[in-house]
Amino acid sequence: TALEAEALLDVLQATEAQLGRDREVEREVKMREGARYCSRTLDLDILFYDEEHISTERLKVPHPLIMERDFVIVPLCELLDCNREELAAKIEKIYG
């Protein structure tokens, strides 16, 4: 994409909202239930952005929980033709 990372995040969050995600309702549910996460209509994340390391209040790249989420790791490993350990090594090599 030609978009800067934060501009891309804006587009992704606008898309989530257009498709029914309501972050305010999510905040209320999490507070009421004392949960860290709650069910979402849609969740679009920026896993990587070129080889940049980004750490702002709104955006962390690479995504800080990437290696903890099988629903991310399994298809990513298939795309990159590698296993979990090889993926972790690639991420470490790029991002340190």
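Quick notes on the rules
Residues numbered from 1 in each chain as written. Predicted model: local features only at pLDDT ≥ 70, side-chain atom pairs only at ≥ 80, totals over all residues. Heavy atoms only, no water. Phe/Tyr/Trp six-rings, centres within 6.5 Å; stacked < 30°, edge-to-face > 60°. Helix = DSSP H or I, 4+ residues; strand = E, 2+ residues; numbered from the N terminus. Buried < 20%, exposed > 50% of the residue type's maximum accessible area, 1.4 Å probe, protein only. Salt bridge = Lys/Arg side-chain N within 4 Å of Asp/Glu carboxyl O. Expected span 1.5 Å × (residues − 1). Arc of directions from axis to C-beta. Contact = heavy atoms within 4.5 Å. Polar contact = N/O pair within 3.5 Å; in protein donor to acceptor, adjacent residues only side chain to side chain.

1. Focus on the packing of aromatic side chains
- Considering all chains together, one arrives at 1 aromatic pair under this definition.
- Ring plane angle 15° and centroid distance 6.0 Å describe the contact between phenylalanine 48 and tyrosine 95, whose orientation is recorded as stacked. In this pair, phenylalanine 48 is assigned in the loop between helix 2 (23-33) and strand 1 (54-55) and tyrosine 95 in helix 4 (residues 84-95), connecting sequence segments 47 residues apart.
- Phenylalanine 48 gets classed as partly exposed once you look at its relative accessible area, which sits at 30%.

2. Let's talk about the pattern of salt bridges
- As enumerated under the stated definition, the model contains 9 salt bridges in all.
- Residue aspartate 43 is joined to arginine 21 by a salt bridge in which the shortest nitrogen-to-oxygen separation is 3.1 Å. A residue pair is termed long-range when its members are at least 10 positions apart, and aspartate 43 in the loop between helix 2 and strand 1 and arginine 21 in the loop between helix 1 (5-18) and helix 2 qualify at 22 residues.
- Judged by its relative accessible area of 31%, aspartate 43 is partly exposed.
- With relative accessibility at 11%, the residue arginine 21 sits in the buried group.
- For arginine 69, the salt bridge goes to aspartate 45, with nearest N and O atoms at 3.8 Å. In this pair, arginine 69 is assigned in the loop between strand 2 (60-61) and helix 3 (70-80) and aspartate 45 in the loop between helix 2 and strand 1, connecting sequence segments 24 residues apart.
- Exposure remark for arginine 69: the relative accessible area of 13% places this residue in the buried category.

3. A look at helix 4
- Along its 12 residues, helix 4 runs 16 Å from first to last C-alpha, staying within 8% of the 16 Å computed at 1.5 Å per residue.
- All buried positions along helix 4 are accounted for by Leu87, Ile91 and Tyr95. On an axial view of helix 4, the arc spanned by its buried residues comes to 45°, and they lie on one face. The exposed set on the far side of helix 4, more than 90 degrees from its buried face, consists of Glu85, Glu92 and Lys93.
- As for helix 4, its buried residues are in contact with strand 2 and helix 3.
- Two to three positions downstream of the cap, the backbone nitrogen of glutamate 85 sits 3.0 Å from a side-chain oxygen, assigning the N-cap of helix 4 to asparagine 83.

4. Things to note about the side chain of glutamate 26
- You can see glutamate 26 is positioned in helix 2.
- Glutamate 26 sits in the buried class, given a relative accessible area of 8%.
- Glutamate 26 has contacts with Arg21, Cys38, Ser39 and Arg40, leaving out every residue within four places of it along the chain.

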